[in-house]
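# Observations on the model geometry
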Amino acid sequence: MRIPFIAGNWKMFKTKADAVKFAEEFKSLYKGTDIQAAICAPFTDLEALAEIFKGTDIKIGAQNVHFADEGAYTGEISVSMLEEIGVDFCIVGHSERRQYFAETDGTVNLKMKRLLDSSIRPIMCVGESLEERDAGKAFDRVRSQLEQGLADIDAEAAVRIVIAYEPIWAIGTGRTATGEQAGQMCEFIRNTLIDLYGEDTADQVIIQYGGSVKPANAAEIMNMAEIDGALVGGASLKAKDFMEIIDF
Ligand SMILES: O=C[C@H](O)COP(=O)(O)O
């Protein structure tokens, strides 16, 4: 039985003061639902969010992590540093990190393995560009991201993974994939997971859709059979909008 999971990804928005304001408002709106909710915030906001959400079901997530335990990696953050402040989830391989920070399927795989060896659950992002979609290569691209990102990860670990399907052409553009397009790719992801791990394991993996999810289209997306949740960018920045998505 998969518990639906809706996570906000704040990207590089919100100072600590902004985060505290959001969290207090969101906590007052959040009445507890059957949906798991989380906010993936900038590193500098995480400790404050952990403190405010303590004792609630609202989880917190980071947006990136380094795969090494420690070392001379200026500007990086380790898994233990995140664990120490009570982080529950961590996004890995978001298309913006692939595009602007040279994240590759190889580094995604290293980060996935390091996180799966910790208490933090990874949210691994996959998705094709518009050129790939137009060239009929969307499914090949996503399959290759899954195969490489999940290389050498066994079924026992794989059940803790969240996969977020985020078509790059739908991120921040207002151009959402239709429920049918998103549902079709998420079904393909489930079938790929069946090939890699067998039905029992694949059945337990949460698959989210991300890309211009808003209160107005959340129900259409969430009602697709193989979509278990959403990774929400822009619309997670306002407590009321994010709550409306969770209450779809
Ligand atoms: O991680 C979230 C996605 O990049 C979607 O962002 P968006 O909802 O602003 O399109």
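Residues numbered from 1 in each chain as written. Predicted model: local features only at pLDDT ≥ 70, side-chain atom pairs only at ≥ 80, totals over all residues.

Tallying secondary structure elements over the protein gives 12 helices and 8 strands in all. Taking 248 residues into account, the globule formula puts the C-alpha radius of gyration at 18 Å, and the protein, at 17 Å, falls close to it. Taking the principal axes of its C-alpha atoms as reference, the protein extends roughly 45 × 45 × 35 Å. Partitioning the contacts of the protein with sequence separation of at least 6, the portion at a separation of at least 24 is 71%. (Helix = DSSP H or I, 4+ residues; strand = E, 2+ residues; numbered from the N terminus. Rg over C-alpha atoms; globule rule 2.2 N^0.38 Å. Contact = placed C-beta atoms within 7 Å.)

In this section: the site of the ligand. As a structural note, the neighbourhood of the ligand is formed by 14 residues, with N9, I171, G210, G233 and G234 the closest of them. For the shell around the ligand, the per-class residue count stands at 5 nonpolar, 8 polar and 1 charged. (Near = placed C-beta within 6 Å. Nonpolar A, V, L, I, M, F, W, Y, C, P; charged D, E, K, R; others polar.)

Here we come to the UniProt feature "active site" (unreviewed entry) in the protein. Per the UniProt entry, the sites bearing "active site" (unreviewed entry) are H94 and E166 in this numbering. Spatial clustering of the annotated residues is evident: they stretch over 73 residues in sequence, but the largest pairwise C-alpha distance comes to 8.3 Å. Tracing the chain through its elements places H94 in the loop between β4 (89-92) and α4 (95-100). Residue classification places H94 among the buried residues on the basis of 27 C-beta atoms within 10 Å. Here H94 is in contact with Q63 and C125, once residues within four sequence places are set aside. Along the polypeptide, E166 turns up in the loop between β6 (162-165) and α9 (179-197). With near-sequence residues (within four places) excluded, E166 lies in contact with S95, C125, G127, I171, G210, G211 and L231. (UniProt positions renumbered as here; feature names shortened; annotations may be inferred. Buried ≥ 20, exposed ≤ 12 C-beta atoms within 10 Å, placed from the backbone.)

Next up on the list: the nonpolar core. Judged by nonpolar contacts, the single largest core of 73 residues is most densely connected at C90, I123, M124, I163, Y165 and A230. Examining the composition of this core, we find that 6 residues originate from one element, α9, more than from any other. Residues contacting M124, with those up to four places away along its chain left out, are V92, G93, V108, M112, G149, I161, I163 and A164. (Core = buried A, V, L, I, M, F, W, Y, C linked by C-beta atoms within 7 Å.)

Looking now at the packing of helix α1 (residues 16-29) against helix α2 (residues 43-53). Interhelical geometry of α1 versus α2 gives an angle of 25° and a closest axis separation of 9 Å. Taken together, the axes of α1 and α2 lie roughly parallel to each other. Handedness of the crossing formed by α1 with α2: right-handed. For the pair formed by α1 and α2, the contact residues are K16, A19, V20, A23, E24 and K27 on the first element and T44, D45, A48, L49, I52 and F53 on the second. Its residues assigned to classes, the contact of α1 with α2 shows 7 nonpolar, 1 polar and 4 charged. (Axes fitted to C-alpha atoms, helices over the stretch in contact; angles between N-to-C directions. Parallel < 35°, antiparallel > 145°, perpendicular 65-115°, else oblique. Left-handed = near helix turned anticlockwise from the far one by under 90°.)

Time to look at α9. The terminal C-alpha atoms of α9 lie 26 Å apart, and with 19 residues this matches the ideal 27 Å at 1.5 Å per residue to within 8%. Those residues of α9 that sit buried are A182, G183, M185, C186, I189, T192, L193 and Y197. Buried residues in α9 make contact with α7 (138-149), α8 (155-158), β6, α10 (199-202), β7 (206-210) and α11 (218-222). Backbone geometry just after α9 places G198 at a positive phi near 90°. (Expected span 1.5 Å × (residues − 1).)

Turning to the sheet that holds β7, a few remarks are in order. Strand order around the closed barrel formed by 8 strands is β1-β2-β3-β4-β5-β6-β7-β8, with parallel pairing between neighbours. The sheet shows a mean angle of 25° between the axes of neighbouring strands, direction not considered. Where β7 lies against strand β8 (residues 229-232), 3 bridges are found, and the strand directions are parallel. Paired with Q208 across the two strands is G229, which belongs to β8. (Pairing = 2+ DSSP bridges.)

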